[in-house]
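Structural description and commentary
These are the residues of each chain, in order.
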Amino acid sequence: MLGAVQKFGQALFTPVRRILNRGFGQELNPLNYLGALTIYFFWIVLISGIWLFIFFKTSVVGAYESVEYLTNEQWYTGGVMRSLHRYASDAAIITLLLHIIKEFVYDRHRGMRWFSWVTGVPLLWLVIPLGITGYWLVWDQLAWYVALTSAELLDWLPIFSESMARNFLSDDVLSDRFFTLMAFLHLIGLPLFLVFGIWLHVLRINGPRINPPRALMAGSLAAMMAVSVAYPALSQGEVDMSQVPSSLGLDWYYLLVYPLMKLWSPGWVWGLLTGVSLLLFVVPWLPPLGGKSPAEVDLDNCNGCARCADDCPFGAITMEARTDGKAYESEAVVDSTLCMTCGICTGSCPTATPFRRHSALSPGIDIPDLTAASLRKRLLEVSERLHGERRILVFTCRDNAKSVRLESDLNKSETAVVDIICAGQLPPSFIDFVLSRDLADGIVVAGCPGGDCQYRFGTEWTSLRVSRQRDPHLRKRVNTDRLALGWEQPWSGLGGIGNVVSALRESLPLEVLADITPPLPEPAVSRWKIPIILTAYALFAAFVGWLSVWPRFQLIDEGKAMVSLSFSHAGQRIRECRRLTQEELNKLPPNMRKPEDCPRERLPVQVVFRSDGDILYEVNRRPTGIWGDGASNIYRRLSVDAGKQHLFIGMTDSGADNHGGPAGEFDFHLEQTVDLAPGQHLVVEFDDIKQSFVFRQD
Ligand code: HEM
Ligand code: SF4
Ligand code: SF4
């Protein structure tokens with residue numbers, strides 16, 4: 001099932017990657033830098049955020065005013081910075097989501113990669129609240145809705161004894177301290193955790209790409225600037241708690257779950273969030289990646305050169321003090337719990353050479369499942385079956401093997417395929433071996449397309465090794481005209497490895513020119529390059545701006561008003577207090593003598609709210625506190641028809657069940673005819689001093 005989802009995801013990603021490769025080229029393809037781009041957008045957010053903070057006032061009145069000042073009076077700096085701050089945060093969510101989806105669909109989350117995956121999940125729980133607290137700080141109508149709904153969500157958790165949402169129902173309850181707390185969370189608390197989280201997330205990866213290439217940074221910044229100037233981020237009106245805006249421009253990147261609160265109870269929303277998180281946590285083991293034997297070091301052939309440790313993409317190799325008494329300083333040691341069995345270390349080991357005559361081919365480091373010796377044996381076997389003037393041997397990583405086989409049916413006797421685990425497993429000396437022994441006329445090394453190697457660096461290291469820029473170099477005597485790399489596809493050959501094979505076959509020099517070493521051919525520049533790049537940035541910017549405020553969210557339906565029931569009231573004690581007799585008092589130690597014996601526990605409080613006789617809300621709320629001795633909290637937001645109507649609220653705190661009963665049977669009640677305008681907000685409170693209900697319509 002998950003396999004089918006992965007295949008479907010790949011089918012969506014692959015064409016997009018091909019198009020982007022055509023414009024950006026594989027070195028700059030944004031899909032290869034999704035994690036790094038996310039970090040980069042956070043940098044923009046940080047720098048623009050510092051600017052905003054300089055002018056931000058952490059108070060109920062000052063917050064909105066200071067943001068308005070920045071947006072309108074200082075639009076050329078503050079306004080642009082505000083928009084950049086918003087849009088870069090949104091862009092970070094897009095790249096983050098694509099990052100997660102891509103790691104999953106390309107199966108880069110199982111095996112030792114579970115660590116990056118599992119440490120990634122809590123990052124979501126940091127990033128989203130970071131955005132939410134940001135929206136909160138602006139203190140406009142959207143902020144009010146976010147504050148109220150977040151508080152309703154938090155109130156569901158058994159953390160606070162008092163209702164937090166109550167703070168957002170009238171201006172006089174809200175304090176400046178709250179803004180200081182939000183500013184602390186948004187500017188210091190959550191970002192610090194995020195930095196730590198990202199550090200942990202990439203901890204186990206060797207050479208994580210945390211910065212995208214400069215050209216991508218410049219392009220992404222320009223795209224964000226463009227959307228900021230064309231479509232500045234604006235506040236959505238000053239908060240007026242007596243009036244509910246009918247609709248709001250919602251940032252769907254951060255506030256996606258909030259509209260669910262209109263349909264579901266907070267419990268269901270928490271259930272969904274917890275369920276998705278738990279599912280994400282276990283995905284790396286659905287099913288577990290097993291049955292692969294890790295790389296093994298053969299000390300007899302290891303000279304401690306450390307190339308394998310440098311090249312291992314997963315940090316699975318460390319160089320440690322020599323244990324076999326040989327004259328070398330160190331030896332390679334593989335941590336089998338980190339090894340992904342990619343074979344890239346064999347490709348980097350100078351002792352993995354097929355030219356050995358006197359000793360068996362046993363490199364310093366090898367993969368038991370597919371040893372260098374078995375590779376040489378296999379290529380000798382298949383090359384014997386090759387015939388013709390332009391015989392081509394294709395080394396292909398297993399992920400590509402199937403497609404290559406299908407495509408290279410072109411000419412079976414002239415083409416042969418040898419599977420390796422990853423392109424990076426092939427030591428360059430094997431290429432020299434094949435060509436110098438005339439086992440084939442040309443070689444194609446095929447790897448993951450688009451420069452996006454399944455094992456992170458396999459294709460990159462191979463490109464560098466054969467172009468003699470990274471050890472072990474391909475020997476100078478090898479004529480690279482006879483070599484093609486299957487991921488550096490010329491644009492004429494967009495269709496895949498089959499085309500690379502054909503292109504190489506056609507370009508092969510027929511006579512062997514021993515000492516010619518021309519450079520590897522540069523991929524042709526596509527005339528679509530600039531249009532593709534511009535369209536990609538424009539689409540990205542438009543997408544960022546679009547979901548940032550649109551589609552608008554209908555907070556309350558047309559012709560409706562809002563009623564909030566919000567109060568706490570302690571039920572009566574479960575039984576009456578009893579005066580102790582003198583005899584009983586005498587028995588007690590002097591410091592514990594109280595004239596009355598009162599039970600701590602209180603009765604639940606029952607509340608009924610009716611409009612024109614119809615019950616809109618009814619609850620029997622237990623007291624808070626572990627001993628059941630606290631007040632019962634009543635909080636509920638209801639949507640009611642606007643217009644004239646007869647409202648009734650009744651409460652019993654004495655344990656009697658007054659379900660639907662007449663008003664007089666309630667311990668407290670209030671009924672009143674009110675005329676509610678559409679969008680009006682009425683708050684039902686209980687005045688503890690006067691011991692009576694109040695309908696507040698201010
Ligand atoms: C703030 C959010 C995140 C940032 C900034 C981030 C960034 C990164 C970076 C820079 C890398 C290294 C990429 C490379 O060099 O190949 C990486 C790897 C990875 N990330 Fe994330 N990531 C984030 C969230 C997540 C989440 C939520 C998940 C999944 C639930 C995830 C899954 C992975 C995996 C599986 C890898 C390992 C890839 C590999 O081994 O090839 N990341 N991330
Ligand atoms: S590359 Fe080979 S020789 Fe060098 S340290 Fe690794 S195993 Fe030893
Ligand atoms: S097989 Fe790959 S992951 Fe394992 S040690 Fe070698 S390079 Fe590292």
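This text gives an overview of the structure that appears in the document. These numbers were taken from a predicted model, which means no experiment stands behind them.

Another point: the sheet that holds strand 6 (residues 392-397). Strand order in the open sheet formed by four strands is 7-6-8-9, with parallel pairing between adjacent strands. Looking along the sheet, the strands with just one partner apiece sit at the ends: strand 7 (415-420) and strand 9 (483-485). Direction aside, the axes of adjacent strands within the sheet are offset by 15° on average.

As a further point, take the nonpolar core. Residues Phe41, Ala88, Ala143 and Val146 are the most contacted members of the largest nonpolar core, which totals 89 residues. When residues are assigned to domains, this core turns out to be shared by domain 1 (2-239 + 250-285) and domain 3 (560-696), each giving three or more. Excluding residues that lie within four positions of it along the chain, Ala88 makes contacts with Phe41, Ile44, Val45, Ser48 and Met224. Grouped together as the second largest cluster of nonpolar side chains are 59 residues, Leu393, Ile431, Leu474 and Val501 included.

Moving on, we get to the site of ligand 1. The immediate surroundings of ligand 1 are formed by 27 residues, with Gly35, Ser116, Gly120, Pro208 and Arg209 found nearest. Residue assignment for the shell around ligand 1 shows that the elements contributing at least two residues are helix 2 (34-55), helix 4 (75-105), helix 5 (114-138) and helix 7 (176-201). Looking at the shell around ligand 1 element by element, the count peaks at seven residues for helix 5. Broken down by class, the residue content of the shell around ligand 1 amounts to 15 nonpolar, seven polar and five charged.

A cis amide bond, omega -10°, links Asp471 with the succeeding residue Pro472. Within the secondary structure, Pro472 sits in the loop between helix 17 (458-466) and strand 9. Here the amide bond leading from Trp550 into Pro551 is cis, since omega sits at 0°, within 30 degrees of zero. The backbone of Arg468 shows a phi angle near 65°, a positive value even though the residue is not glycine. Tracing the sequence through the fold places Arg468 in the loop between helix 17 and strand 9. Judged by local crowding, Arg468 falls into the partly exposed class, with 18 C-beta atoms found within 10 Å. The phi torsion at Asp612 lies on the positive side, around 45°, for a residue other than glycine. Topologically, Asp612 is positioned in the loop between strand 14 (605-611) and strand 15 (614-621).

Below, the discussion takes up the pairing of strand 17 (residues 643-652). Relative to strand 17, strand 14 is paired through six bridges, and the arrangement is antiparallel. Bridge pairing links Val608 to Gly650 in strand 17. Sheet analysis places strand 17 next to strand 18 (residues 668-676), joined by nine bridges and oriented antiparallel. Among the inter-strand pairings, Gly643 is bridged to a residue of strand 18, identified as Leu676.

Attention now goes to the site of ligand 3. Within the structure, ligand 3 sits among 14 residues, and Ala295, Cys312, Cys339, Cys342 and Cys345 are positioned closest to it. Among the residues forming the shell around ligand 3, the class breakdown is 12 nonpolar, two polar and no charged.

Cut-offs applied
Residues numbered from 1 in each chain as written. Chains lettered and ligands numbered in written order. Predicted model: local features only at pLDDT ≥ 70, side-chain atom pairs only at ≥ 80, totals over all residues. Pairing = 2+ DSSP bridges. Helix = DSSP H or I, 4+ residues; strand = E, 2+ residues; numbered from the N terminus. Axes fitted to C-alpha atoms, helices over the stretch in contact; angles between N-to-C directions. Core = buried A, V, L, I, M, F, W, Y, C linked by C-beta atoms within 7 Å. Buried ≥ 20, exposed ≤ 12 C-beta atoms within 10 Å, placed from the backbone. Domains from an automatic or database assignment. Contact = placed C-beta atoms within 7 Å. Near = placed C-beta within 6 Å. Nonpolar A, V, L, I, M, F, W, Y, C, P; charged D, E, K, R; others polar.

Scope: geometric values only; no functional claims are made or implied.
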